[in-house]
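Observations on the three-dimensional arrangement
So you can see what is in the structure, the chains are spelled out below.
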Amino acid sequence: MGCCSSSSKGSVSNTRIVCVLVMMSYVGCMVRMTLAALSDSIVHLGGFEYAAVYRDSVSNMVGCFLMGFMATQGAIAAGTPLFVGITTGMCGCITTFSGWVATVSCELAAPKFATAITCTIFGWSSPVAFYICGRHCGELIKKKSVLDYQHRRAIHLSILVALSLFLCFCATAMAAITWYIAHFTRRYWFAIAICPAGTIVRWSLGKLSANILSKVVVPTPPPSDSSCINSSIIPGTNDCEQQSLQESEVSCGRKLLIMWKSGKVPFQTLAANLLACAIYAVVMEPAGKTPGTYITTESGTLTQDWAWAIAVGFCGCCSTVSTWVHESAGSSAGMRRWVTYLYCIFSVILGMCALLPAALMCYCAGKEPS
């Protein structure tokens, strides 16, 4: 009876989390597209060109700032539907890893190597800087408060709820305004419609990773040579020799799982980012036929618009920079420093391995990807 009760409570909690994730995904995706449209407006009106500052750079910085702020707050308990909705849902959808890596890949395919290098450096350093700034702002609020814990908790909760409502209002206003603007075509509504699917996939990969690692038992380190006594149940061997025999019988897959858990590498985020990059690469060619800028009166075919929506809506929400930065710069995953650097470097390299061939094929075909 107790098992059934705990299982039903877990199902209800997961259902609530999914519902909040869906709502926050709409907010995050609308905010990201609004900031991208604003960036395109400035570039279009000023006669500039994107270089180190790319189309989604502002949204990545904003999302990482909010993630850094949330990392220091205790008003909302971690793991609750509201906390998951704000961090995984809203912050994760405001930022996009696939969009940034796709921009770098397109610059390499152009080829514009200087722009690609500066975009890579700026695309990593600016979210980290804003994440740290968000953490500092959150810590400053906690230190300056002279109220007791209950009052601070109520104030922080009010601020976070007000911020969420403000972002919802902005997203709703953006949706109402763009309904009457000619240069926001149907592909934007397609992207908004499918964006929760990317968020759910990313959240599900995290749940799957947690379930797998919870069943992995990391073996204790072997004893020193002085403690190797002949108390083994295997005749003719001591304790150290018996343990080495047992370790040799462990399967290769189990060894990889033990290394995964011991190294604390967040492969779930890496898997979500690489999955988004791979899908982005598949739809890059048809999506590249549609106008790349948000400031346009043109519209593509139904297939082209859906391809663009998958790249911006699904892939943009399935991949995330805010969680990626939180795990590396924020040390939330507990990785060693050298593992953190390797994790960041290989995330970008593997993402470009998926996207660069597609970008090269688009340029060879004379179709500049968006």
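Residues numbered from 1 in each chain as written. Predicted model: local features only at pLDDT ≥ 70, side-chain atom pairs only at ≥ 80, totals over all residues. Heavy atoms only, no water.

If you tally the helices and strands in the protein, you get 13 helices and zero strands. Ordering the α and β elements of the protein from the N terminus gives α-α-α-α-α-α-α-α-α-α-α-α-α. Looking at the protein as a whole, 44% of its 370 residues qualify as buried. Within the protein, residue pairs in contact and separated by at least 24 positions form 81% of the contacts whose partners lie at least 6 positions apart. Surface accessibility of the protein: about 18600 Å² in total, with carbon and sulfur atoms responsible for 69%. (Helix = DSSP H or I, 4+ residues; strand = E, 2+ residues; numbered from the N terminus. Buried < 20%, exposed > 50% of the residue type's maximum accessible area, 1.4 Å probe, protein only. Contact = heavy atoms within 4.5 Å. Areas by Shrake-Rupley, 256 points an atom, 1.4 Å probe, with all protein chains shown as cover.)

Mean pLDDT over the protein works out to 78, with 67% of the residues at or above the 70 mark. Here residues 241–249 scores under 50 on pLDDT; set against residues more than four positions off or in separate chains, the count is 10 contacts. (pLDDT = per-residue confidence, 0-100.)

Time to look at the packing of helix α4 (residues 97–109) against helix α13 (residues 337–364). Where α4 meets α13, the axes come as close as 8 Å, and the angle between the chain directions of the two elements is 50°. Taken together, α4 and α13 sit at an angle that is classed as oblique. Crossing handedness for the pair α4 and α13: right-handed. For the pair α4 and α13, contact is made by Phe97, Ser98, Trp100, Val101, Ala102, Val104, Ser105, Cys106, Leu108 and Ala109 and by Ser347, Val348, Gly351, Met352, Leu355, Leu356, Ala359, Leu360 and Tyr363, respectively. (Axes fitted to C-alpha atoms, helices over the stretch in contact; angles between N-to-C directions. Parallel < 35°, antiparallel > 145°, perpendicular 65-115°, else oblique. Left-handed = near helix turned anticlockwise from the far one by under 90°.)

Right, let's talk about unusual backbone geometry for a bit. A cis geometry characterises the amide bond from Ala110 onward to Pro111, with omega recorded as -5°. You can see Pro111 is positioned in the loop between α4 and α5 (113–144).

In this section: the environment of Cys277. Structurally, Cys277 can be placed in helix α10 (residues 267–288). With a relative accessible area of 0%, Cys277 lands in the buried category. C-alpha separation for the pair Cys277 and Gly99, spaced 178 residues apart in sequence, amounts to 8.3 Å. The contacts of Cys277, once residues within four sequence positions are left out, are Phe97, Ser98, Gly351, Ala354 and Leu355.

Structurally, Ser105 can be placed in helix α4. Ser105 has contacts with Met352, Leu355, Leu356 and Ala359, leaving out every residue within four places of it along the chain.

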